[in-house]
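# Coordinate inspection notes
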Amino acid sequence: MTQTLGPVMLDLEGTALRKEERALLKRPEVGGVILFGRNVEHARQVRELCDGIRRVRPELLLAIDQEGGRVQRLREGVTRLPAMGRIGRDYEVTPEVTLRLCLDAGWLLGMEMAACGLDLSFAPVLDVDTGISSVIGDRSFSSSPQAVAAMAGAFIAGLHEAGMAAVGKHFPGHGGVAADSHLELPVDDRPLEALRRHDLIPFAELAPRLDGVMPAHVIYSAFDSRPAGFSGSWLGLLRESLGFKGTIFSDDLGMAGAGFAGAPGERALAALDAGCDMVLVCNDRAAALEALEACQGRTTRPTARLRYGRARPDIEALEALGRWRRVHARLEAMASL
């Protein structure tokens, strides 16, 4: 029997579930939990936290931002990952070797996050680095759209080999604006055709293989006056023109770039009405509660494709795998440079 989930993904305050959080997670509007740095100490503790969440509601999606480089919430007991831009630096010279490392990195990330009890990491980043956006920068694989598509495609294959979902972000591309959507609402004035020839290439090539997509809190003024995550036009293009069949997650509705849509409850409804399936409301419990109230009676599309469905590996047992030891050593060495 398919279990229905609510459309709100929220966060927790600490490294263990609190009594009031257990009650909060039982609310039908809740569909998932995202972990941040304050929620993690080491891999074993994260597994215990995830197990505790599942004892309250086993069907919830459990997620984390574990990209590598600057964006790696969990650092103890797992591989220290380099930024994807560091891996991508070698693509022009040794493309086959680099693609193999991207595949292995996706596999290792998937295996480690599965061992920690998580269903998915919000990765890979499909933004193209234009040298403009400091918030993207080396989170991107490359300044070449074709190279991003190739390396991210290999990374996705690795995640899938490990049994983990792939969530591409930030549709249709955050790399062409200098402003940080955490702090303000960026506007990208380029024509749609320019976006198609550049930023949209990785999304267009990989949409059928992605299990999830996260749109950007960016206005692309030549196409729509609304930020992409609140735009039925953009999300319609993603589904109808690019053939995406998976789950659309809003970026955090607590970011300044989401202020376009009003108060937290209004933001949640606006994103869902535009075509998002699940909205993230993070780092503001009052805002999360307001979003839950606004979303009463709402459910999201089936998420079985996102849930980790295999027997979870033990984090210590991964060290016995020759592939894990080889990839771990390579990635740790790159991360330390």
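For the structure itself, consult the block above.
So, here's what we can say about the structure. (Residues numbered from 1 in each chain as written. Predicted model: local features only at pLDDT ≥ 70, side-chain atom pairs only at ≥ 80, totals over all residues. Heavy atoms only, no water.)

On to the side chain of Glu 21. Tracing the sequence through the fold places Glu 21 in helix H1 (residues 19-25). According to the relative accessible area criterion, Glu 21 is buried, its value standing at 0%. If sequence neighbours within four positions are ignored, Glu 21 has contacts with Leu 12, Glu 13, Ala 16 and Arg 285. (Helix = DSSP H or I, 4+ residues; strand = E, 2+ residues; numbered from the N terminus. Buried < 20%, exposed > 50% of the residue type's maximum accessible area, 1.4 Å probe, protein only. Contact = heavy atoms within 4.5 Å.)

We now examine unusual backbone geometry. Of the consecutive residues Lys 169 and His 170, the connecting peptide bond is found in the cis state with omega at 5°. Tracing the backbone through its elements, the reader meets His 170 in strand E7 (residues 167-171). In this chain, Phe 171 is followed by Pro 172 through a cis amide linkage whose omega measures 0°. Among the structural elements, Pro 172 can be located in the loop between E7 and strand E8 (187-188). Notably, Asn 283 is not glycine yet its phi reads approximately 65°, a positive angle.

Evaluated as defined, the whole model comprises 29 salt bridges. Among the salt bridges present, the one from Arg 27 reaches Glu 29, with a minimum N-O distance of 3.2 Å. With a relative accessible area of 6%, Glu 29 lands in the buried category. The closest approach of N and O atoms between Arg 44 and Glu 316, which form a salt bridge, is 2.5 Å. One end of the pair, Arg 44, is in helix H2 (residues 43-56); the other, Glu 316, is in the loop between helix H10 (285-294) and helix H11 (322-335), and 272 residues separate them in sequence. On the accessibility criterion, Glu 316 (45% relative accessible area) is partly exposed. (Salt bridge = Lys/Arg side-chain N within 4 Å of Asp/Glu carboxyl O.)

A few words now on the nonpolar core. Within the largest apolar cluster, 113 residues are counted, with the highest numbers of intra-cluster contacts made by Phe 122 and Phe 249. The biggest single contributor to this core is helix H4 (residues 95-115), with 11 residues. (Core = buried A, V, L, I, M, F, W, Y, C linked by side-chain atoms within 4.5 Å.)

A word on the sheet that holds strand E2 (residues 30-35). Strands sit in the order E6-E3-E2-E1-E12 across an open sheet of five strands; the sheet is parallel. In this open sheet, the two edge strands, each paired with only one partner strand, are strand E6 (120-121) and strand E12 (279-281). Sheet topology note: the E2/strand E3 (residues 61-64) ladder contains four bridges and is parallel. Bridging from a neighbouring strand, Gly 32 pairs with Leu 61 of E3. Contacting strand E1 (8-10), E2 and E12, H10 crosses the sheet at an angle of about 165° to E1. (Pairing = 2+ DSSP bridges. Axes fitted to C-alpha atoms, helices over the stretch in contact; angles between N-to-C directions.)

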